[in-house]
Amino acid sequence: MRALVRCCCGHLPVGGGAGRRPSPRWRALARLSASPGWEDGQGARVREKPPWRVLFFGTDQFARETLRALHAARENKEEELIEKLEVVTVPSPSPKGLPVKQYAIQSQLPVYEWPDVGSGEYDVGVVASFGRLLSEALILKFPYGILNVHPSCLPRWRGPAPIIHTILHGDTIAGVTIMQIKPKRFDVGPILKQETVPVPPKSTSKELEAVLSRLGANMLISVLKNLPESLNDGRQQPAEGVTRAPKISAATSCIKWEEQTSEQIFRLYRAVGNMIPLQTLWMDNTIKLLDLVEVDSSILSDSKGQAVIPGSVIYHKQSQILLVCCKDDWIGVRSVMLKKTLTATDFYNGYLHPWYQKNSQAQPSQCRFQTLRLPPKKKQKKKIVAMQ
């Protein structure tokens, strides 16, 4: 299916009828390339081949790798792929700023803070982990539209946290899609290029992000080398196989001991543990599980015969870990945070030792981890947002 280029040429009546509502003007790439020297409505010449003028939109470490590849291409004077490169990012509460802004300043690239997008002329826009919906008016300012480097095999995992959901759901295959952005909705535009890679066993979202960021950066450069052809050969996303990758909130990190298997808990740990520690309740106090480990079968054999229910905690002295019972098995915990960071041994001495439980007058049912129920989303003040 032929992809169309959005051009900043104003609006034309549909079908030539003077009384009909105008709609954005679209030009097929084949027609565009067949008209040498074509100019848009503002008199700006539309380039038919590199070097391109690029405006980049991004925020995080994944986006930084894409920007690094674009900057390297601009610095490569022999290939002449990119002539102009400028950057748009979002404000950050951190004094250092986000990774994309740090890189842009370091590399002496012009950088704007959203919603400021500068006033220069560009051929194509590039988005990676930006987390903002771009308006149709903005998209139409780019003769070749805006490309998105999205770390999933679209239409699987549409949304802002595809890498996290890939790990969370135990996918064995991941990938990157270079697509053309459409207004009003995330991740629904035509696919220009798509590649897959196997997910390394037991990899974290951070580790997978590093793999996909390099893959996506290389794929984008490949698309830019043949931009008109790539757009012309774009294919619409299939209607089947659509899944969502919504933002991650603090509630995601709450372990449900009665419902989740050990495998699900470890996937959760690998998916979000680098951003937010897994959480649970201990005697009505929130406790964070900092360092989870898989439990050896020999350790489990030492604990057989004890009456346990999900959430039960046993200290294994030889390995110095806490054994916690979940739906189907056990997980190991090396350290926790309860007011301060405690090793498993510290936690045992302070909260699990028989003398403590006797003197604290705690009920046996309280001496276990219980599911933490956070307020509904709309009442939460803080969200942990992954923009991928």
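Residues numbered from 1 in each chain as written. Predicted model: local features only at pLDDT ≥ 70, side-chain atom pairs only at ≥ 80, totals over all residues. Heavy atoms only, no water.

1. Some points on the overall build of the protein chain
Step number 1: For the protein chain, the helix and strand inventory stands at 11 helices and 16 strands.
Step number 2: Put simply, the protein chain has 388 residues, and 51% of those count as buried.
Step number 3: Sequence-distant contacts, at least 24 apart, represent 68% of the contacts inside the protein chain between residues at least 6 apart.
Step number 4: Counting every atom, the protein chain has about 19300 Å² of accessible surface; 50% of that belongs to carbon and sulfur. (Helix = DSSP H or I, 4+ residues; strand = E, 2+ residues; numbered from the N terminus. Buried < 20%, exposed > 50% of the residue type's maximum accessible area, 1.4 Å probe, protein only. Contact = heavy atoms within 4.5 Å. Areas by Shrake-Rupley, 256 points an atom, 1.4 Å probe, with all protein chains shown as cover.)

2. Observations concerning the confidence of the model for the protein chain
Note that predicted coordinates carrying low pLDDT should not be read in detail.
Step number 1: Averaged over every residue, the pLDDT of the protein chain is 85; the share at 70 or more is 80%.
Step number 2: Taken together, the stretch residues 1-38 has pLDDT below 50 and engages in 75 contacts with residues farther than four places along the chain or on a different chain.
Step number 3: The model gives residues 379-388 a pLDDT under 50, and that stretch makes 35 contacts with residues more than four places away or in other chains. (pLDDT = per-residue confidence, 0-100.)

3. What to know about the sheet that holds strand E4 (residues 82-89)
Step number 1: Taken in spatial order, the seven strands line up as E5-E4-E3-E6-E7-E8-E9 in an open sheet, and their pairing is mixed. Each end of this open sheet is capped by a strand with a single partner; those strands are strand E5 (111-113) and strand E9 (191-198). Sheet twist, expressed as the mean angle between neighbouring strand axes with direction ignored, is 20°.
Step number 2: Where E4 meets E5, three bridges bridge the pair, whose relative direction is parallel. Opposite Val87, over in E5, you have Val111 as the bridge partner. (Pairing = 2+ DSSP bridges. Axes fitted to C-alpha atoms, helices over the stretch in contact; angles between N-to-C directions.)

4. Things to note about the environment of Leu300
Step number 1: Relative to the helices and strands, Leu300 is located in helix H9 (residues 297-302).
Step number 2: As for Leu300 and Trp330, which are separated by 30 residues in sequence, their C-alpha atoms are 7.9 Å apart.
Step number 3: Filtering out sequence-adjacent residues up to four positions away, Leu300 remains in contact with Val295, Asp329 and Trp330.

5. Regarding helix H10 (residues 344-352)
Step number 1: If you check which residues of H10 are buried, you get Ala344, Phe347, Tyr351 and Leu352. Summarising the axial view, the buried residues of H10 lie within an arc of 70°, below the 170-degree limit, and thus occupy one face. (Arc of directions from axis to C-beta.)

6. Quick word on the packing of helix H2 (residues 61-75) against helix H3 (residues 99-106)
Step number 1: For the pair H2 and H3, the least separation of the axes is 8 Å and the interaxial angle reads 25°. Between H2 and H3, the angle is such that the two are roughly parallel. From H2, Gln61, Ala63, Arg64, Leu67, Arg68 and His71 reach across to H3, where they touch Pro99, Val100, Tyr103, Ala104 and Gln106.
Step number 2: Tallied by class, the residues present in the contact of H2 with H3 amount to six nonpolar, three polar and two charged. (Parallel < 35°, antiparallel > 145°, perpendicular 65-115°, else oblique. Nonpolar A, V, L, I, M, F, W, Y, C, P; charged D, E, K, R; others polar.)

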